[in-house]
Amino acid sequence: MSYRAVLFDFDFTLADASQAILAGFRHALEQMGLPQAEEDAVRRTIGLPLEDAFTLLTGRDAPEERRQFRALFSQVAVPMQIESTRIFPGAEELLRSLKSAGIPAAIVSTKRAETLRAVLERRDLLRCFASVTGSEMVSKPKPDPEGLLGAVAALGLTPDQCLYCGDTTIDAQTAQRAGCDFCAVLNGTTPAGAFAPYPAVHIAPDLTDLRTWLGL
């Protein structure tokens, strides 16, 4: 294939951590004395910065409440994610095929890098990635391209040499702003039609299809 590297979002692209995320939301909102959010509404926020998801679902935007929510959420969600995150079918085969072909893979996510590394290490997948970029490593979250551009530069490549794969229109915007090609992966809650305004080079129904499309 023509790409020198393939970069990925994580949640609902490579893996499903939604049960831990839902549990974190329930715990934090209960501790804060706020009404519970509907599970489907929470799922639709996966991929947003955590504090923005809190504000979107509750309408509350006070900085101290946003910080409190993250702290309470993390008490439950972080250890649960390390234990219960489900890697999607086809992910391991795709990642190991990239590594065998000498094509580096990297993650650029709104999840914290320390959590991502722990999840991947537990599943013996961390070695498949050249780098992991999380929310604590950037000054601006996606769709700002800071994290993606930094990961590309660290590989010694230019954006036009790289493919970014993600499940949300935020990922599509990030790729577009960075100058990377974008592939939509329909493992999440965003339907294929939502990507129509963006220049996706491929829409993959799953990771097995993505691996086939890449010729691996």
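- If you check an unreviewed UniProt entry, the protein chain appears there as HAD family hydrolase from Candidatus Flavonifractor intestinipullorum.

1. Topic: the overall build of the protein chain
Then step 1. Across its full length, the protein chain holds nine helices and eight strands.
Then step 2. Taken over the C-alpha trace, the protein chain has a radius of gyration of 17 Å; the compact-globule value for 216 residues is 17 Å, and the two agree within 12%.
Then step 3. For the C-alpha atoms alone, the extent of the protein chain along its principal axes is close to 50 × 35 × 30 Å.
Then step 4. Roughly 9600 Å² of accessible area belongs to the protein chain as shown, and the carbon and sulfur atoms make up 49% of that amount.
Then step 5. Separation between the mean location of the 21 positive side-chain charges and that of the 27 negative ones in the protein chain comes to 3 Å.

2. Some details on helix α1 (residues 18-31)
Then step 1. Its 14 residues give α1 an end-to-end C-alpha distance of 20 Å, which sits within 8% of 20 Å, the value for a rise of 1.5 Å per residue.
Then step 2. Along α1, ten of the 14 residues are buried, which leaves the element largely enclosed by surrounding structure.
Then step 3. Of the positions making up α1, those classed as buried are Ser18, Ala20, Ile21, Leu22, Ala23, Gly24, Phe25, His27, Ala28 and Leu29.
Then step 4. On its buried face, α1 is in contact with β2 (15-16), α2 (39-45), α3 (50-58) and α4 (63-84).
Then step 5. Backbone geometry just downstream of α1 places Gly33 in the positive-phi region, at approximately 70°.

3. Regarding the packing of α3 against α4
Then step 1. Contact geometry for α3 and α4: axes closest at 9 Å, N-to-C directions at 110°. Comparing the axis directions of α3 and α4 gives the class roughly perpendicular. The way α3 lies across α4 gives a crossing that is right-handed. Residues Leu50, Glu51, Asp52, Phe54 and Thr55 of α3 lie in contact with α4, whose contacting residues are Glu65, Arg66, Phe69, Arg70 and Phe73.
Then step 2. Considered class by class, the residues forming the contact of α3 with α4 number four nonpolar, one polar and five charged.

4. Here we look at the pattern of salt bridges
Then step 1. Tallying each qualifying case throughout the model produces 14 salt bridges.
Then step 2. Here Arg96 ties to Glu92 by a salt bridge, and the two come within 2.9 Å at their closest N and O atoms. Residue Arg96 and its partner Glu92 are located together in helix α5 (residues 91-100), separated by four residues, close to a single helical turn.
Then step 3. For Arg96, a relative accessible area of 30% gives the class partly exposed.
Then step 4. Take Glu92: its relative accessible area is 36%, and that puts it in the partly exposed class.
Then step 5. When salt bridges with common partners are traced through the structure, they connect Arg26, Glu39, Asp40 and Arg43 into a single cluster.

5. Regarding the side chain of Thr85
Then step 1. When you line up the elements, Thr85 lands in the loop between α4 and β3 (86-87).
Then step 2. Here the side chain of Thr85 touches Gln81 through a polar contact of 2.7 Å, landing on its backbone oxygen.
Then step 3. Residues within four places of Thr85 in sequence aside, it is in contact with Phe10, Ala15, Asp16, Ala17, Met80, Val119 and Arg123.

6. Digging into the environment of Ser100
Then step 1. If you trace the backbone, Ser100 turns up in helix α5.
Then step 2. Along the sequence, Ser100 and Cys128 sit 28 residues apart, while their C-alpha atoms lie 9.6 Å from each other.

The rules we used
Residues numbered from 1 in each chain as written. Predicted model: local features only at pLDDT ≥ 70, side-chain atom pairs only at ≥ 80, totals over all residues. Heavy atoms only, no water. Helix = DSSP H or I, 4+ residues; strand = E, 2+ residues; numbered from the N terminus. Rg over C-alpha atoms; globule rule 2.2 N^0.38 Å. Areas by Shrake-Rupley, 256 points an atom, 1.4 Å probe, with all protein chains shown as cover. Lys, Arg positive; Asp, Glu negative; His and termini not counted. Charge placed at Lys NZ, Arg CZ, Asp CG, Glu CD. Expected span 1.5 Å × (residues − 1). Buried < 20%, exposed > 50% of the residue type's maximum accessible area, 1.4 Å probe, protein only. Contact = heavy atoms within 4.5 Å. Axes fitted to C-alpha atoms, helices over the stretch in contact; angles between N-to-C directions. Parallel < 35°, antiparallel > 145°, perpendicular 65-115°, else oblique. Left-handed = near helix turned anticlockwise from the far one by under 90°. Nonpolar A, V, L, I, M, F, W, Y, C, P; charged D, E, K, R; others polar. Salt bridge = Lys/Arg side-chain N within 4 Å of Asp/Glu carboxyl O. Polar contact = N/O pair within 3.5 Å; in protein donor to acceptor, adjacent residues only side chain to side chain.

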